[in-house]
Amino acid sequence: MNYFPDEVLEHVFDFITSHKDRNSVSLVCKSWHKIERYSRQRVFIGNCYSISPERLIARFPGLKSLTLKGKPHFADFNLVPHDWGGFVYPWIKALAKSRIGLEELRLKRMVVSDESLELLSKSFVNFKSLVLVSCEGFTTDGLAAIAANCRFLRELDLQENEVDDHRGHWLSCFPESCTSLISLNFACLRGEVNLGALERLVSRSPNLKSLRLNRAVPLDTLQKLLMRAPQLVDLGIGSYVHDPFSEVYNKLKIAIQRCKSIRSLSGFLEVAPHCMSAIYPICGNLTFLNLSYAPGLHGNKLMKLIQHCRKLQRLWILDCIGDKGLGVVALTCKELQELRVFPSDPFGAGNAAVTEEGLVLVSAGCPKLNSLLYFCQQMTNAALITVAKNCPNFIRFRLCILDPIKPDPVTNQPLDEGFGAIVQSCKGLKRLSLSGLLTDQVFLYIGMYAEQLEMLSIAFAADSDKGMLYVLNGCKKLRKLEIRDCPFGDAALLEDVGKYETMRSLWMSSCEVTLGGCKSVAEKMPSLNVEIIDECEQMEFNLDDKQKVDKMYLYRTLVGHRKDAPEYVSIL
Amino acid sequence: MSPLLLGAEEEGQSRVSSPSVECISQNGLGIREWNYLGLSDFCSVDSSGVPDDNGNNLNLKATELRLGLPGSQSPERETEHCFLNSGKLDEKTLFPLLPSKDGICSSSQKSVVTGNKRGFSEVKGTIYTEKKWMGPGAVPDSQSLQPVSHGKYSVAQASVKKDGPANVIQEQPCTSNGTKVNRTDISNNSSAPTANRAQVVGWPPIRSFRTKTLTTSSKNNDEVDGKPGPGTLFVKVSMDGAPYLRKVDLRMYSTYQELSSALEKMFSCFTLGQCGAHGTPGKEILSESKLKDLLHGSEYVLTYEDKDGDWMLVGDVPWEMFIETCRRLKIMKSADAIGLGK
């Protein structure tokens, strides 16, 4: 079978970078499996409880980059109790003990303690890159350890983490000898930073390409930083508030004009909207613009800004842009691929929101649109059908109507037909989130048409078990299914338990599944962990199998029950 | 499955794509039937009373078949169904439900029916379970969705009248048969101000980090212009001698000068005097005399009532502090303003 020496095959495998492809390669034969595993440097683990660190280390001794995801997605929305799990410490401890030369660690929705960060910083000489997304459990002390000990640190990227901010000295912990920084993102920190230390750090980092500041960095510091780092490609502005007639502002204008490489702009955590003209010179080159944390920017000022951004490919904004503003986007941003519209006032009276009109305009004006996250006041079937016709290339389509079971306000029909049109037209659809009034019908459409669907999020939908069955039977590539508040019960859950082994995970909360049903799944499928999350501890007092389960999370695993589950989680 | 899904709305013929066809044939009868089956099993502790007794409250007119094209409204169905706006929702139904607004109305009432602690969606789930059990009998083959979906619609719009103080009315005729009214009209007629949506846990699905950040930015007003967060700050402006008051949104301005110009324009119809903002651009703090200059010579001064109820002269404190403490504005004759605190 092998006509080539191992080294040749290894070299060939070097060109295969996608995880999926490398996984496939490793299944061809024993020989390929062996070569692949020794040469594998990057590993992605979508559920940290599906495998143990020991087995990871045993299989991939050449590991350099590890990506781990912890909590289920619905944890983002407070549906998973705080200490459910997802601790990274055991992983770092195991890796530290081994001879793995870890260089990169990317974590999402995990609990990261200062202790973990410190251990990480001291255990891997060549550690280069730490990316934390939606994590929690650490403070700026942990960051100080990373700064102080990782001598060759290139990337420190903190995205939307809950960090206990002990105020700014962590930046001063970067030694003078640290000149390797390429990316520094601390926008999510809420506290003060040592501005002098920041300026010096940026001055001695000639390779710095990405810099995202937090709210505590004022405009005059921004100006100084830009003067020292005109090579920036990605900029996140902290505070953008100043007097338009001041010296500082003039200096800023000059500094910005020197930054000809900026392609990505975000932040504006505090903003004086009448001073946006300084930004115009770089708008023409922007491919990514994230204003979703800048509620101060809206109306005409926002539109004027967008009108300068002709090359935009990704746009994240708040719904105060309005349908009109989306019309401006449609006219201006012909290269747009990804649009995310977040609610600026999610629990309010909804007068600021966008409607189906805005989406239709964008779909008409931006034919390359393939990724959408859209929080809106309302949606109609007609609009969705039009969008489906205009943009058949959707890969991600996530629609969130603020009122979760709102029907089509024009016809009072459920939105089955609209979403049906989306799945039928967008043959490459991989991720879908539904909302609005929906019956079993929409799931029939999804089962029939959404052949490439990998992730589906359902809330407050369907009439019966049929809905869930259509999906489980039809979507062959489904990996993640998360359901809340739907009338799916044991019949649907138990119809094809083997299916869950082909998926990463299934989440069902506030549905109709019973304890008995969940037990049945666990019994039939020992390769699954079936977790019952019971915060109110109802289960303790009433172990009746007919009891409805509030939250169930099941996932495939090679290592059986996890040992770190809190009291209120029972693994069946 | 109809290949012409994209044109489904016009088609309306294929069974699968248009449940409304089936519903039409069943009309009010079907609704009442489901009503009974759906609800009697769920009347629980709250003893909302059997809905059948209140059958008269089923507005048959509302269930009348109306086939309109998408987009046509049925405006005359209004007041009878505005029970939702009576504001008499039981506490139980309010938490953790969404208040009466648009499509939520029916669901909030559903939860009343079941008394289920898990909120409206739970109720929805419960009702559907019932129907599911009926499913196998009523739905012999997997393709036939009609009875289920039909039933769902009708139960969803089932009428429930609760006796007692709660007085929650759940009334919506079957929407699937093409009737247009219900929720939209009700919401259009909603006189009850929807202050805040009651919050269902985890909805809308926004990362808590984002929610916290945006809330913080609305609190940190200090140097921020524009509208962070829910963001308008309307205050009343009265002027001595003017027949009526005005309102201004303080967040629209970032300096005293801007506010002053705006007020001038607003009240110019009541006074003589020139417009035209003098004053140094860029200065946030205007002295008393400057304000006098701007406001029609020395005739008027601008004053405000602060949080403590004291009347102060505008212009002494930094702008950001001013908008945080200002309750309302008054353009006074300077003669009357003597002795105002600073």
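Residues numbered from 1 in each chain as written. Chains lettered and ligands numbered in written order. Predicted model: local features only at pLDDT ≥ 70, side-chain atom pairs only at ≥ 80, totals over all residues. Heavy atoms only, no water.

Colleague: Looking at this structure, I do not really get the overall build of chain A. What am I missing?
Modeller: The secondary structure content of chain A amounts to 21 helices and 23 strands. Every one of the 572 residues in chain A was classed for burial, and the buried ones make up 65%. Taking all contacts inside chain A whose residues are at least 6 apart in sequence as the whole, residues at least 24 apart take part in 70%. (Helix = DSSP H or I, 4+ residues; strand = E, 2+ residues; numbered from the N terminus. Buried < 20%, exposed > 50% of the residue type's maximum accessible area, 1.4 Å probe, protein only. Contact = heavy atoms within 4.5 Å.)

Colleague: What exactly am I supposed to notice about the overall build of chain B here?
Modeller: Across its full length, chain B carries twelve helices and seven strands. Every one of the 342 residues in chain B was classed for burial, and the buried ones make up 53%. Looking at chain B alone, contacts between residues at least 24 apart form 60% of all its contacts between residues at least 6 apart. Summing over all exposed atoms, chain B offers an accessible surface of approximately 15,500 Å²; the carbon and sulfur share of this is 53%. (Areas by Shrake-Rupley, 256 points an atom, 1.4 Å probe, with all protein chains shown as cover.)

Colleague: What am I meant to see in the pattern of salt bridges here?
Modeller: Opposite charge on two side chains permits pairing when their charged atoms draw close. Tallied over the entire structure, the rule returns 28 salt bridges over all chains. A salt bridge links Asp76(A) to Arg207(B); the shortest N-O distance between them is 3.1 Å. Taken together, the positions of Asp76(A) in the loop between strand S2 (65-69) and helix H5 (89-97) and Arg207(B) in the loop between helix H8 (183-188) and helix H9 (208-219) put the pair across two chains. Given the relative accessible area of 7%, Asp76(A) is considered buried. The class for Arg207(B) is partly exposed, based on a relative accessible area of 21%. Between Glu305(B) and Arg328(B) there is a salt bridge, with its nearest N and O atoms 2.8 Å apart. (Salt bridge = Lys/Arg side-chain N within 4 Å of Asp/Glu carboxyl O.)

Colleague: Any chance you could explain the packing of aromatic side chains here in plain terms?
Modeller: The geometry of an aromatic ring pair is captured by two quantities: the separation of the ring centres and the angle between the planes. Residue and element names in this part refer to chain A. Counting across every chain of the model gives 23 aromatic pairs over all chains. Consider the rings of tryptophan 84 and tyrosine 553, whose centres lie 5.7 Å apart with planes at 65°: the pair is edge-to-face. Separated by 469 residues along the polypeptide, tryptophan 84 in the loop between S2 and H5 and tyrosine 553 in strand S22 (residues 551-556) bring together distant segments of the chain. This pair shows no difference in class: tryptophan 84 is buried, exactly as tyrosine 553 is. Ring geometry for tryptophan 507 versus tyrosine 553: centroids 6.0 Å apart, planes at 55°, classification tilted. Taken as a pair, tryptophan 507 in strand S20 (residues 505-509) and tyrosine 553 in strand S22 lie far apart in primary sequence, 46 residues in all. (Phe/Tyr/Trp six-rings, centres within 6.5 Å; stacked < 30°, edge-to-face > 60°.)

Colleague: Sorry, what's going on with the pairing of strand S1 (residues 42-45) of chain A here?
Modeller: Every other side chain in a regular strand lies on the same face of the sheet, so the side chains alternate between the two faces. Residues and elements named next belong to chain A. Residues Val43 and Ile45 of S1 are buried on one face, while the alternating residues Arg42 and Phe44, pointing to the opposite face, are not. Looking at chain direction, S1 and S2 are connected through four bridges and run parallel. Looking at S2, one finds that valine 43 is bridged to leucine 66. In this fold, the crossover linking S1 to S2 by way of helix H4 (residues 53-59) has right-handed handedness. (Pairing = 2+ DSSP bridges. Right-handed = clockwise from strand over helix to strand, strands pointing away.)

Colleague: Sorry if this is basic, but what is going on with the packing of helix H9 (residues 219-228) of chain A against helix H10 (residues 247-258) of chain A here?
Modeller: Packed helices, taken two at a time, are described by the angle between their axes plus the distance between the axes. Residue and element names in this part refer to chain A. Two numbers describe how H9 lies on H10: the axes approach to 9 Å, and their chain directions differ by 30°. Judged by the twist between their axes, the crossing of H9 over H10 is left-handed. Along its contact with H9, which presents Leu219, Asp220, Leu222, Gln223, Leu226 and Met227, the element H10 presents Val248, Lys251, Leu252, Ala255, Ile256 and Arg258. Grouping the constituent residues of the contact of H9 with H10 by class yields eight nonpolar, one polar and three charged. (Axes fitted to C-alpha atoms, helices over the stretch in contact; angles between N-to-C directions. Left-handed = near helix turned anticlockwise from the far one by under 90°. Nonpolar A, V, L, I, M, F, W, Y, C, P; charged D, E, K, R; others polar.)

Colleague: What's the story with the packing of H5(A) against helix H6 (residues 114-123) of chain A in this structure? I'm lost.
Modeller: Residue and element names in this part refer to chain A. Where H5 contacts H6, the two axes come as close as 9 Å, and the packing angle between them is 20°. The angle between H5 and H6 places the two elements in the roughly parallel class. H5 and H6 meet at a crossing whose hand is left-handed. Each of Tyr89, Ile92, Lys93 and Ala96 in H5 lies in contact with H6, whose residues at this interface are Glu115, Ser116, Leu119, Leu120 and Ser123. Each residue belonging to the contact of H5 with H6 can be placed in one class, and the counts come to five nonpolar, two polar and two charged. (Parallel < 35°, antiparallel > 145°, perpendicular 65-115°, else oblique.)

Colleague: Help me out: how do you make sense of the sheet that holds strand S5 (residues 300-305) of chain B in this one?
Modeller: Strand pairing in a sheet relies on backbone hydrogen bonds. The paired strands run either parallel or antiparallel. All names here are of chain B. Ordered by their spatial adjacency, five strands build an open sheet running S4-S3-S7-S5-S6, and the pairing between neighbours is mixed. For this open sheet the edge positions go to strand S4 (246-249) and strand S6 (311-313), each flanked by a neighbour on one side alone. The average undirected angle you get between the axes of adjacent strands in this sheet is 35°. Where strand S3 (residues 234-239) meets strand S7 (residues 328-333), three bridges bridge the pair, whose relative direction is parallel. In the sheet register, methionine 239 faces S7, and the bridge partner there is isoleucine 331. In this fold helix H10 (residues 256-267) packs onto S3, S4, S5 and S7, with an angle of close to 155° to the strand it touches most, S4.

Colleague: For this particular structure, what's the right way to read the nonpolar core?
Modeller: Grouped burial of nonpolar side chains is what soluble globular proteins tend to show. In terms of nonpolar packing, the biggest core is built from 193 residues, with Tyr240(A) and Ile446(A) touching the most fellow members. If one sorts the elements of this core by residue count, helix H17 (residues 440-449) of chain A sits on top with six residues. Counting 24 residues, the second largest nonpolar core, distinct from the first, contains Val235(B), Tyr256(B), Ile323(B) and Cys326(B). (Core = buried A, V, L, I, M, F, W, Y, C linked by side-chain atoms within 4.5 Å.)

Colleague: It is not clear to me how the state of the cysteines should be interpreted in this structure. Could you clarify?
Modeller: A covalent bond between the sulfur atoms of two cysteines is referred to as a disulfide. Residues and elements named next belong to chain A. Evaluated as defined, the whole model comprises zero disulfides over all chains. As a non-bridged cysteine, cysteine 309 has cysteine 283 as the owner of its nearest cysteine sulfur, 3.8 Å distant. Left without a disulfide partner, cysteine 376 is nearest to the cysteine sulfur of cysteine 400, which lies 7.4 Å away. Accessibility expressed as a relative area gives 0% for cysteine 376, which makes it buried. (Disulfide = S-S within 2.5 Å.)

Colleague: Before we go on, may I ask you to explain a negative patch on the surface in this structure?
Modeller: Residues and elements named next belong to chain A. A contiguous patch of negative charge, built from Asp6, Glu7, Glu10 and Asp14, is present on the exposed surface. Position of glutamate 7 relative to the elements: it lies in helix H1 (residues 6-14). Taking relative accessible area as the criterion, glutamate 7 reaches 57% and is therefore assigned exposed. (Patch = residues over 30% accessible without salt bridge, like charges linked within 9 Å, V, L, I, M, F, W, Y side chains within 5 Å. Lys, Arg positive; Asp, Glu negative; His and termini not counted. Charge placed at Lys NZ, Arg CZ, Asp CG, Glu CD.)

Colleague: Can you help me understand H17(A) in this one?
Modeller: Each α-helix winds once per 3.6 residues, and so residues spaced three or four apart point in a common direction. Within H17(A), nine of the ten residues are buried, which leaves it mostly tucked inside the rest of the structure. N-capping of H17(A) is provided by Thr439(A), with a side-chain oxygen placed 3.0 Å from the backbone N of Gln441(A). (Polar contact = N/O pair within 3.5 Å; in protein donor to acceptor, adjacent residues only side chain to side chain.)

Colleague: Can you help me understand the side chain of Asp485(A) in this one?
Modeller: Secondary-structure assignment places Asp485(A) in the loop between strand S19 (480-484) and helix H19 (490-494). Judged by its relative accessible area of 3%, Asp485(A) is buried.

Colleague: Help me out: how do you make sense of unusual backbone geometry in this one?
Modeller: Leaving glycine aside, a negative phi is the common case for residues, and trans is the common case for peptide bonds. Cis geometry is adopted by the peptide bond preceding Pro204(B), which originates at Trp203(B) and carries an omega value of -5°. Secondary-structure assignment places Pro204(B) in the loop between H8 and H9. In this structure, Ser134(A) takes a positive phi of about 50° despite not being glycine. Assessed through its relative accessible area of 13%, Ser134(A) is described here as buried. The phi torsion at Ala462(A) lies on the positive side, around 75°, for a residue other than glycine.

Colleague: Help me out: how do you make sense of a nonpolar patch on the surface in this one?
Modeller: A surface patch of nonpolar side chains, about 450 Å² in accessible area, is lined by Tyr3(A), Phe4(A), Val8(A) and Val12(A). By the element assignment, Val12(A) lies in helix H1.

Colleague: In this structure, what is going on with the environment of Cys518(A)? I would like to understand it.
Modeller: All names here are of chain A. Among the secondary structure elements, cysteine 518 is positioned in helix H20 (residues 515-524). The class for cysteine 518 is buried, based on a relative accessible area of 0%. If near-sequence neighbours (up to four positions away) are discounted, cysteine 518 is found in contact with Leu493, Val513, Val530, Ile532, Val549, Met552 and Leu572.

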